[in-house]
Amino acid sequence: MSLKLGDTVPDFTQDSTAGRFAFYDWAGDSWVVLFSHPRDFTPVCTTELGAVAALKPAFDARGVKVVGLSVDPLESHERWADDIAETQGHALNFPLIADADRRVSEQLDLIHPGASDTTTVRTVLVIDPQKKLRLTLTYPASTGRNFAEILRAIDSLQLTDRHKVATPANWEQGQDVIIVPSIGDETAAALFPDGWQTIKPYLRVVKQPA
Ligand code: BEZ
């Protein structure tokens, strides 16, 4: 199944390091980051799992639950977790799905045969509380992901859900944002009473709303 932005991510159950993992029950009405990684006991994946464990408080602060996944069996995840704690300074503090039968990987399109027939690619799915897919990115096995960028993108998604704004290139929390083009100046005046800067009629910059 090829999931596209705006699609509903299907429910599934699978084994995980936190016990039987029922996706919808576990997610509740939180945002979710589901990220797949190619294989256990591999160097890049080890650093990624440690990095996400270190950032768990930052995900928590945004109301986001994180879950990892690969096609390795549970017994392998459990042994590897010791190495992650030992080498990365952060023990796993989120579930790691053991998708040994590939049911979930195939459902979520996490195996790309052109890259590898046998392992999951490095995909990140950001899923909102309505279970809609809001962001996806896929990296090759050789390139570890920048999870600070995932947090930055979540900040943008959550802000732009609350206000009629979009975030410009390289935007960071607290910086100026852009009034969406679908909002005319009359409506914008009501929404942004402190005003904005018009650089072009389609490029109106405003202070980030609270
Ligand atoms: C890694 O996590 O280091 C890795 C996994 C699969 C292929 C290459 C690198």
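Everything discussed here concerns the structure shown above.
About the cut-offs
Residues numbered from 1 in each chain as written. Predicted model: local features only at pLDDT ≥ 70, side-chain atom pairs only at ≥ 80, totals over all residues. Heavy atoms only, no water. Salt bridge = Lys/Arg side-chain N within 4 Å of Asp/Glu carboxyl O. Helix = DSSP H or I, 4+ residues; strand = E, 2+ residues; numbered from the N terminus. Buried < 20%, exposed > 50% of the residue type's maximum accessible area, 1.4 Å probe, protein only. Near = heavy atom within 4 Å. Polar contact = N/O pair within 3.5 Å; in protein donor to acceptor, adjacent residues only side chain to side chain. Areas by Shrake-Rupley, 256 points an atom, 1.4 Å probe, with all protein chains shown as cover. Nonpolar A, V, L, I, M, F, W, Y, C, P; charged D, E, K, R; others polar. Core = buried A, V, L, I, M, F, W, Y, C linked by side-chain atoms within 4.5 Å. Contact = heavy atoms within 4.5 Å. Pairing = 2+ DSSP bridges. Axes fitted to C-alpha atoms, helices over the stretch in contact; angles between N-to-C directions. Parallel < 35°, antiparallel > 145°, perpendicular 65-115°, else oblique.

A.B. asks: Looking at this structure, how should I read the pattern of salt bridges?
C.D. replies: Pairing is possible between side chains of opposite charge, provided their charged atoms come close. Inspection of the entire model under this criterion finds 12 salt bridges. Across the pair Asp60 and Lys56 runs a salt bridge whose closest N-O atoms are separated by 3.4 Å. One end of the pair, Asp60, and the other, Lys56, are both in helix H2 (residues 43–61), four residues apart, so they sit about a helical turn from each other. Owing to a relative accessible area of 21%, Lys56 belongs among the partly exposed residues under this scheme. Arg152 is paired through a salt bridge with Glu149; the nearest N and O atoms lie 2.6 Å apart. Taken together, the residues span about one helical turn, with Arg152 and Glu149 both in helix H5 (residues 147–162) at a distance of three residues. Overall, the relative accessible area of 31% leaves Glu149 in the partly exposed class. Here the residues in one salt-bridge network are Glu48, Arg122 and Arg145, joined through shared partners.

A.B. asks: What should I look at first to understand the site of the ligand in this one?
C.D. replies: If you check the shell around the ligand, you find Pro38, Thr42, Pro43, Val44, Cys45, Arg122 and Ala141 and nothing else. At a separation of 2.9 Å, an oxygen atom of the ligand approaches a polar side-chain atom of Arg122. Relative to its free-state accessible area of 270 Å², the ligand is covered by the protein chains to the extent of 78%. In terms of residue count, the dominant contributor to the shell around the ligand is H2 (three residues). When grouped by side-chain class, the residues that make up the shell around the ligand number five nonpolar, one polar and one charged.

A.B. asks: How do you make sense of the nonpolar core when you look at a structure like this?
C.D. replies: One recurring pattern in soluble globular proteins is that nonpolar side chains are buried together. Counting 24 residues, the largest nonpolar core has Val33, Phe35, Phe59, Val126 and Ile150 as the members making the most contacts within it. Taken together, the elements giving at least two residues each to this core come down to strand E3 (31–36), H2, strand E4 (64–70), helix H3 (74–88), strand E6 (122–127), strand E7 (133–139) and H5. Broken down by element, this core gets its largest block of residues, six residues, from H5. Not counting the four nearest positions on each side in its chain, Ile150 is found in contact with Val33, Phe59, Val124, Val126 and Leu137. Among the nonpolar cores identified, the runner-up in size contains 18 residues, and Val9, Phe12, Val32 and Ile127 belong to it.

A.B. asks: Would you mind showing me how to read the sheet that holds strand E1 (residues 13–16) here?
C.D. replies: Strand order in the open sheet formed by seven strands is E2-E1-E5-E4-E3-E6-E7, and the pairing between neighbours is mixed. With one partner strand each, in any of the chains shown, strand E2 (21–22) and E7 form the two edges of the open sheet. By the bridge criterion, two bridges tie E1 to E2 in an arrangement that is antiparallel. Residue pairing in the sheet places Gln14 in a bridge with Phe21 of E2. Here H3 sits on the sheet and contacts E1, E4 and strand E5 (96–98); the angle it forms with E5, its principal contact strand, is near 145 degrees. Against the sheet, H5 touches E3, E4, E6 and E7, its axis set at about 150 degrees to E3.

A.B. asks: Help me understand the packing of H2 against H3 in this model?
C.D. replies: Two numbers describe a pair of packed helices, the interaxial angle and the distance between the axes. Interhelical geometry of H2 versus H3 gives an angle of 75 degrees and a closest axis separation of 9 Å. Between H2 and H3, the crossing angle belongs to the class labelled roughly perpendicular. Contacts from Cys45, Thr46, Thr47, Leu49 and Gly50 of H2 reach H3 at Trp80, Ile84, Thr87 and Gln88. Across the contact of H2 with H3, the residue classes break down as four nonpolar, five polar and no charged.

A.B. asks: Looking at this model, I keep getting lost on the side chain of Ser70. Mind explaining?
C.D. replies: One can find Ser70 in strand E4. Those residues in contact with Ser70 that sit more than four places away from it in its chain are His37, Pro38, Asp40, His77, Ile97, Ala98, Asp99 and Thr120.

A.B. asks: Looking at this model, I keep getting lost on the sheet that holds strand E11 (residues 203–206). Mind explaining?
C.D. replies: Adjacent strands of a sheet form backbone hydrogen bonds with each other and so pair up, either parallel or antiparallel. Ordered in space as E8-E9-E11-E10, the four strands form an open sheet in which the pairing is antiparallel. Sheet topology places strand E8 (165–166) and strand E10 (197–200) at the edges, where each strand pairs with a single neighbour. As defined by bridge partners, E10 adjoins E11 across three bridges and the pair is classed as antiparallel. Across the sheet, Lys200 pairs through a bridge with Leu203, a residue of E11.

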